[in-house]
Amino acid sequence: MRIFDTTIDLKKRQFFILAIAACIGNLSGFIGNMLIYDFGMPTIFCGFCSVCVIICSLLGIFKGYILQASYFIIVLLSLLEFPMLYYMYQSGTIVYMILSIIAIATFLSGSSAFIIMGLTVICDICIIIITYYFPPDMSQITRQDMYTSTLCSLIIVMFSTFLITTLTNIQQRKQAEQLIALNEQMKEAADHDALTGIYNRRYLNKYLEKLIKTKSCEFYAVIIDLDYFKKLNDSYGHLFGDEVLVEFCNIVTKHIKDKGIVSRFGGEEFMLIFPHSNDNEIKALLTSMRKDYKAFIKSRKDVEFSFSSGVTKYEEGMTISTLYSHADKKLYYAKENNRDMDVFELV
């Protein structure tokens, strides 16, 4: 329903609630007057107000005059219809005055809400005083009519208040759910690389901080550099270069599964973290990744490109920067020695 669609402006969604409650309430009042008093002046007056509310609601919904329609509906109800109903029927309709304050507080904001509320309070007090000192001719209204009118007024106000409160609460809940979802999306975006979808360096640092705090956990850090990636970019274009980065991440993700995490370290460099692993397992994984990576490039451009890596084991007391430095030195050694290799120990 559009009334709960959080992509629609909040003021417009609130106006939907005002329009629904006002139209239903006024039509109910008109029908009630018609059944109790036939087509006398009170019924004609209620019918006139109902027509005005419906027209304003339609203009607000379909023409976009939301602000103007909101003010017109609330002013019409608070300063004209409800006071006049009290003057005609007296105490049985005083509950409408409470409804007008609820509407002002719910659908108006800022200084205008206080101004209209103040005018409404003054108007209601004045009409009560006027009715006391200059009461209308009630000879045609029987005690049964008064009873029925009071009951109808109470039901209409109770229903309208329930409708306004319920719909507003649902809107707020939907809005809260969307904010939570957006917050999760923002968190997800902040922790992931936009191109490849894998973790970024920000998340890597947080992950390592938590891992190091466990103390009992031994893990390996592997830094990978795609060999001659600049040459690949220059030869086949940056679009293909981006495709290579994405496919390489897919290959790595497929192989490591739940054995560890992969993050983009920067450019064509990636870092893999393997908790609870050993040299042989990591060697086997890197060999399989290299085979798949070479096969992908070969299938696309009929050339061979590989990657180099530096592998270091975390030792107690190491800082994150020291861990990075050790892995980077081994990667540098691989790049200085014809690349396409994994260095676990410096010779």
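Quick note: structure is the one above.
Conventions used here
- Residues numbered from 1 in each chain as written.
- Predicted model: local features only at pLDDT ≥ 70, side-chain atom pairs only at ≥ 80, totals over all residues.
- Heavy atoms only, no water.
- Helix = DSSP H or I, 4+ residues; strand = E, 2+ residues; numbered from the N terminus.
- Contact = heavy atoms within 4.5 Å.
- Areas by Shrake-Rupley, 256 points an atom, 1.4 Å probe, with all protein chains shown as cover.
- Lys, Arg positive; Asp, Glu negative; His and termini not counted.
- Charge placed at Lys NZ, Arg CZ, Asp CG, Glu CD.
- Core = buried A, V, L, I, M, F, W, Y, C linked by side-chain atoms within 4.5 Å.
- Buried < 20%, exposed > 50% of the residue type's maximum accessible area, 1.4 Å probe, protein only.
- Patch = residues over 30% accessible without salt bridge, like charges linked within 9 Å, V, L, I, M, F, W, Y side chains within 5 Å.
- Salt bridge = Lys/Arg side-chain N within 4 Å of Asp/Glu carboxyl O.

(A) Region of interest: the overall build of the protein. Secondary structure assignment for the protein yields 11 helices and 5 strands. Each principal axis of the C-alpha atoms in the protein carries an extent, and together these give about 110 × 45 × 30 Å. Of the contacts formed within the protein by residues at least 6 apart in sequence, a portion of 69% connects residues at least 24 apart. Surface exposure of the protein reaches about 19100 Å², of which carbon and sulfur atoms provide 62%. In the protein, 33 side chains carry a positive charge and 35 a negative one; their mean positions are 2 Å apart.

(B) Quick look at the nonpolar core. Residues F15, I73, I74, L85 and F107 are the most contacted members of the largest nonpolar core, which totals 43 residues. For this core, the elements supplying multiple residues, two or more each, are α1 (10-37), α2 (41-63), α3 (66-89), α4 (95-107), α5 (110-133) and α6 (143-191). In contact with F15, not counting residues within four places along its chain, are C56, S57, G60, I61, I66, A69, S70 and I73.

(C) Seen up close, a nonpolar patch on the surface. A cluster of nonpolar residues, F114, M117, V121, I125, I129, I130, Y132, Y133 and F134, forms a patch on the protein surface that exposes about 1000 Å² of accessible area. In this fold, F114 is placed in helix α5. Owing to a relative accessible area of 61%, F114 belongs among the exposed residues under this scheme.

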